[in-house]
Protein chains: 2
Amino acid sequence: MKPIQLDPNSGGAGRMPLVCIPLVARGAGALLQEAAAAAAKGPDLLEWRVDFFEGVARSGEVVALAARIAQAAGGLPLLFTRRCPREGGESNGLSERQAVDLYSAVCSARAAQMIDFEMGNDPAHVRELREVSRSNGVRMVMSFHDFQGTPALEVLNRHFLQAEQLGADIAKVAVMPRGMQDVLTLLTATWQSSQRLSIPLVSMAMGAEGALTRLCGWAFGSAMTFGAGQLGSAPGQLPVDELQAGLALLRKAAGR
Amino acid sequence: MKPIQLDPNSGGAGRMPLVCIPLVARGAGALLQEAAAAAAKGPDLLEWRVDFFEGVARSGEVVALAARIAQAAGGLPLLFTRRCPREGGESNGLSERQAVDLYSAVCSARAAQMIDFEMGNDPAHVRELREVSRSNGVRMVMSFHDFQGTPALEVLNRHFLQAEQLGADIAKVAVMPRGMQDVLTLLTATWQSSQRLSIPLVSMAMGAEGALTRLCGWAFGSAMTFGAGQLGSAPGQLPVDELQAGLALLRKAAGR
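Residues numbered from 1 in each chain as written. Chains lettered and ligands numbered in written order. Predicted model: local features only at pLDDT ≥ 70, side-chain atom pairs only at ≥ 80, totals over all residues. Heavy atoms only, no water.

## Details of the side chain of Ser194(B)
Residue and element names in this part refer to chain B. Looking at the element boundaries, Ser194 is found in helix H6 (residues 180-196). With a relative accessible area of 4%, Ser194 lands in the buried category. The residues touching Ser194, leaving out its near neighbours within four places in the chain, are Lys2, Ala189, Leu201, Phe220 and Gly221. (Helix = DSSP H or I, 4+ residues; strand = E, 2+ residues; numbered from the N terminus. Buried < 20%, exposed > 50% of the residue type's maximum accessible area, 1.4 Å probe, protein only. Contact = heavy atoms within 4.5 Å.)

## Brief notes about the nonpolar core
In this structure, Trp48(A), Phe80(A), Trp48(B) and Phe80(B) are the most contacted members of the largest nonpolar core, which totals 146 residues. Other than its neighbours up to four places away in sequence, Phe80(A) contacts Trp48(A), Val50(A), Val62(A), Leu102(A), Tyr103(A), Val106(A), Ala112(A), Met114(A), Ile115(A) and Asp116(A). (Core = buried A, V, L, I, M, F, W, Y, C linked by side-chain atoms within 4.5 Å.)

## A short note on the sheet that holds strand S6 (residues 170-175) of chain A
All names here are of chain A. Here we have eight strands laid out as an open sheet, ordered S7-S6-S5-S4-S3-S2-S1-S8, and parallel in their pairing. Looking along the sheet, the strands with just one partner apiece sit at the ends: strand S7 (201-205) and strand S8 (224-226). Strand-to-strand twist across the sheet, computed as the mean angle between neighbouring axes with direction ignored, equals 25°. Where strand S5 (residues 139-146) meets S6, six bridges bridge the pair, whose relative direction is parallel. Note that in S6 the partner of Phe144 across the bridge is Val173. On top of the sheet, helix H6 (residues 180-196) reaches S6 and S7; it is set at about 175° to S7, its chief contact. (Pairing = 2+ DSSP bridges. Axes fitted to C-alpha atoms, helices over the stretch in contact; angles between N-to-C directions.)

## Focus on helix H3 (residues 96-108) of chain A
Residues and elements named next belong to chain A. Taking 1.5 Å per residue as the helical rise, H3 with its 13 residues ought to reach 18 Å, and the 18 Å between its terminal C-alpha atoms agrees with that figure. Considered for burial, the residues of H3 that qualify are Ala99, Val100, Leu102, Tyr103, Ser104, Val106 and Cys107. Two residues or fewer after H3 comes Arg110, characterised by a positive phi angle close to 50°. (Expected span 1.5 Å × (residues − 1).)

## With respect to the side chain of Asp182(B)
Residues and elements named next belong to chain B. Position of Asp182 among the secondary structure elements: in helix H6. Despite its burial, Asp182 pairs with no opposite charge; the closest candidate is Arg178, at 6.3 Å N-O. Beyond its immediate stretch of four places on either side in the chain, Asp182 contacts Thr150, Met176 and Pro177. (Lys, Arg positive; Asp, Glu negative; His and termini not counted. Salt bridge = Lys/Arg side-chain N within 4 Å of Asp/Glu carboxyl O.)

## As for the packing of aromatic side chains
In this structure the tally under the stated criterion is eight aromatic pairs over all chains. Taking 5.4 Å as the distance between ring centres and 85° as the angle between the ring planes, the aromatic pair formed by Tyr103(A) and Phe117(A) counts as edge-to-face. Taken together, the positions of Tyr103(A) in helix H3 and Phe117(A) in strand S4 (residues 114-118) put the pair 14 residues apart, joining distant regions of the chain. Each member of the pair Tyr103(A) and Phe117(A) is classed as buried. Plain terms: the ring middles of Phe80(B) and Tyr103(B) are 5.6 Å apart, the flat faces sit at 85° to each other, and that makes the pair edge-to-face. In this pair, Phe80(B) sits in strand S3 (residues 78-81) while Tyr103(B) sits in helix H3 (residues 96-108), placing the two residues 23 residues apart along the sequence. Comparing Phe80(B) with Tyr103(B), the two get one shared label, buried. Every member of this aromatic cluster is reached through a ring pair, and the members are Trp48(A), Phe53(A), Phe80(A), Tyr103(A) and Phe117(A). (Phe/Tyr/Trp six-rings, centres within 6.5 Å; stacked < 30°, edge-to-face > 60°.)

## Some points on the pattern of salt bridges
All names here are of chain A. Enumeration over the complete set of coordinates arrives at 20 salt bridges over all chains. Linking Arg26 and Glu90 is a salt bridge whose minimum nitrogen-to-oxygen distance equals 3.0 Å. On the criterion of sequence distance, the pair formed by Arg26 in the loop between strand S1 (18-23) and helix H1 (28-39) and Glu90 in the loop between strand S3 (78-81) and H3 is long-range, its members being 64 residues apart. Overall, the relative accessible area of 44% leaves Arg26 in the partly exposed class. With a relative accessible area of 25%, Glu90 lands in the partly exposed category. Across the pair Asp51 and Arg49 runs a salt bridge, and its minimum N-O distance is 2.8 Å.

This is how it looks when you write it as structure tokens:
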């Protein structure tokens, strides 16, 4: 079990799992409101899903807004994510090259504590962002998403391992189950990889069938779970207050 | 997914999973109080763990008390269980032969809707009780418990199948996990067997590590879960109000 070490001054440092609320508003004003409302629900961090933001192509505006979002959230750590359309993100015309430049600008300005970049992107881009993020003290999540189905156990384990081999600080794998056997496969891969990897990992099975992984996945080694604030960012996310209530029950039952 | 069909007049008929509170008091007066308090928490049925009862050797007293317990519980269905010491029950000097006679007396008086008898008992006893229970319209759970560890996946599947082959109405398997892999094995066996068997099944991994199966097991096909009233009967049981709150969250998240 490897928890994610946030800034030691943050309340959630070392907690298992961290609770993260995604921000998905399209406009700057709505984002600031969403951030404040989300922070009031007591998560450990927020994820800005910048691919939903109407100004995503304007790098300077994004960097400035990231700082204002963190401020509106009372200083909560920010995970900055431009999810690519290939892995379930919003289509907004941004090329992968432009996305790398946007991430780089955010890292250079230290406008986020963490970034999330898909491990399946151009290896040169992954290397470039790993360097920029590391040199600015920004943690890098490397992620894999399958919105169509659930790869085999060995494939899932390989994705977790690949993230570590690429130098990720955190490995993330999200799948869409087509039946409860797929949910078991995701949990098994999570448990096996959490024993093998030296970095923390995050996993979830999406949709209604996978929703229980958002509550129980931490017991199998998943170090972060996403709960919906006003709007969720992926199918199966529970409202964050229900997520927190469920986690409290399970932590108590598990004696942790 | 095969729910347990209780008496159609019962509130819990067909619900997935049924919530059952075990009664474990030693004295008759305490049992009646425990039954009333348990019923007030809104479970679908109660299990009288008669091996805890100080009067277990007095068959007539047990039969009469079963009726009073059901009355004190406002008519909730009663699962009557004498757990044998070999599978985690209280040692009380009752022989297996005496236990069979006790079960038979309860069935003949129709003082319980269901009985639970270990499938590992003398096959002649299993057959005898199957006949007596069936001819009196009493459902028969056939159970297997391992308080020391978790058998392999194929062994667990074989236990579920054995119960069906012996003519059980419901198959029950409970194990003690020695790590989260064992929890996954129990859930996988539950899911696989629930697809293969024609009867409902019940499963749980006990202890703190297995506690999540008491909340999530139904999603993998387990048709009943046990929550503690005043006192639990097995390690890892959640207080029933927490169990019900967690189930409500999970049902909603799963869209059921």
